[in-house]
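# Understanding the architecture of this molecule
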Amino acid sequence: TWVPRRGIHEYFHVYQGCYLEESATWLEEGSAEFLAFYLGGCNKWNVLETFEKQMMFHMEEAQRWRKQNEGITIEHMEDIEKADFKAKGGYRELAYDAGAWAVAFAIGQSGME
């Protein structure tokens, strides 16, 4: 079930490349994950069945990593090329997992729910 979801994620990067010259690493990866989780939930492609369960799992992953790496935040994922070694160790948890939640927060704040 991860293949269609991964395809959505990667295709969204193609879409981003057409419309964004440059954006924060966490925004690029987080928005691709958010869309993949959302469409995966709509089509029952998510490993954890629903969009909500998938998002909660990734929140727990981000929180677990953050507890083990105090002082490193999503802010360190503005540009993965400039991130220090310790921050790069949390690439998955910060850019993908926390990034998906940052996108969810932005959508909620925009009123586009």
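So, a few notes on the structure that sits alongside this text. None of the values given here were measured: they were computed from a predicted structure.

Moving on: the overall build of the protein chain. Within the protein chain, the regular secondary structure consists of five helices and zero strands. Overall, the protein chain shows an N-to-C arrangement of helices and strands of α-α-α-α-α. Against the globule reference of 13 Å for 113 residues, the protein chain gives a C-alpha radius of gyration of 14 Å, in line with a compact fold. The principal-axis extent of the C-alpha atoms belonging to the protein chain is close to 35 × 30 × 30 Å.

This paragraph deals with the nonpolar core. Buried together is how nonpolar side chains tend to be arranged in soluble globular proteins. Formed by Ala 24, Trp 26, Trp 65, Ile 72, Met 77, Ile 80, Ala 83, Ala 87, Leu 94, Ala 95 and Tyr 96, the largest nonpolar core amounts to eleven residues. By residue number, the principal contributor to this core is helix H5 (residues 91–110), which donates three residues. Formed by six residues, the second largest nonpolar core is a distinct cluster that contains Phe 34, Phe 37, Ala 100 and Val 103.

This part covers the layout of surface pockets. In this structure, the largest pocket occupies an estimated 200 Å³ of space. Along its surface, the largest pocket is lined by 13 residues, and Leu 27, Ser 31, Val 103, Ala 106 and Ile 107 are the ones closest to its centre. Only helix H1 (2–19), helix H2 (25–42) and H5 provide two or more residues apiece to the lining of the largest pocket. Among the elements that make up the lining of the largest pocket, the one with the highest residue count is H5 (five residues). The class makeup of the residues in the lining of the largest pocket is nine nonpolar, four polar and no charged.

Two numbers describe how helix H3 (residues 51–68) lies on H5: the axes approach to 9 Å, and their chain directions differ by 130°. Taken together, the axis directions place H3 and H5 in an arrangement best described as oblique. The handedness of the crossing between H3 and H5 is left-handed. Residues Met 55, Met 56, His 58, Met 59, Glu 61, Ala 62, Arg 64, Trp 65 and Arg 66 of H3 lie in contact with H5, whose contacting residues are Arg 92, Glu 93, Leu 94, Asp 97, Ala 98, Ala 100, Trp 101 and Ala 104.

Attention now goes to the packing of aromatic side chains. On inspection of all chains with the given rule, the structure shows five aromatic pairs. Here the aromatic rings of Tyr 15 and Tyr 19 are separated by 4.8 Å at their centres, their planes lie at 45°, and the arrangement is tilted. Pair noted here: Tyr 15 and Tyr 19 are both in helix H1, with a separation of four residues, about one helical turn. On the accessibility criterion, Tyr 15 (44% relative accessible area) is partly exposed. According to the relative accessible area criterion, Tyr 19 is exposed, its value standing at 61%. Ring centres of Tyr 91 and Tyr 96 lie 5.5 Å apart, and the angle between their planes is 85°; this geometry places the pair in the edge-to-face category. The class of Tyr 96 is buried, set by a relative accessible area of 14%. Taken together, Phe 12, Tyr 15 and Tyr 19 form an aromatic cluster joined through their ring pairs.

What counts and how
Residues numbered from 1 in each chain as written. Predicted model: local features only at pLDDT ≥ 70, side-chain atom pairs only at ≥ 80, totals over all residues. Heavy atoms only, no water. Helix = DSSP H or I, 4+ residues; strand = E, 2+ residues; numbered from the N terminus. Rg over C-alpha atoms; globule rule 2.2 N^0.38 Å. Core = buried A, V, L, I, M, F, W, Y, C linked by side-chain atoms within 4.5 Å. Buried < 20%, exposed > 50% of the residue type's maximum accessible area, 1.4 Å probe, protein only. 1 Å grid on protein atoms, 1.4 Å probe; cavity = no way out; pocket = protein on both sides within 12 Å on 5 of 7 lines; lining within 4 Å. Points joined across faces, edges and corners; volume = space filled by probe spheres on them. Nonpolar A, V, L, I, M, F, W, Y, C, P; charged D, E, K, R; others polar. Axes fitted to C-alpha atoms, helices over the stretch in contact; angles between N-to-C directions. Parallel < 35°, antiparallel > 145°, perpendicular 65-115°, else oblique. Left-handed = near helix turned anticlockwise from the far one by under 90°. Contact = heavy atoms within 4.5 Å. Phe/Tyr/Trp six-rings, centres within 6.5 Å; stacked < 30°, edge-to-face > 60°.

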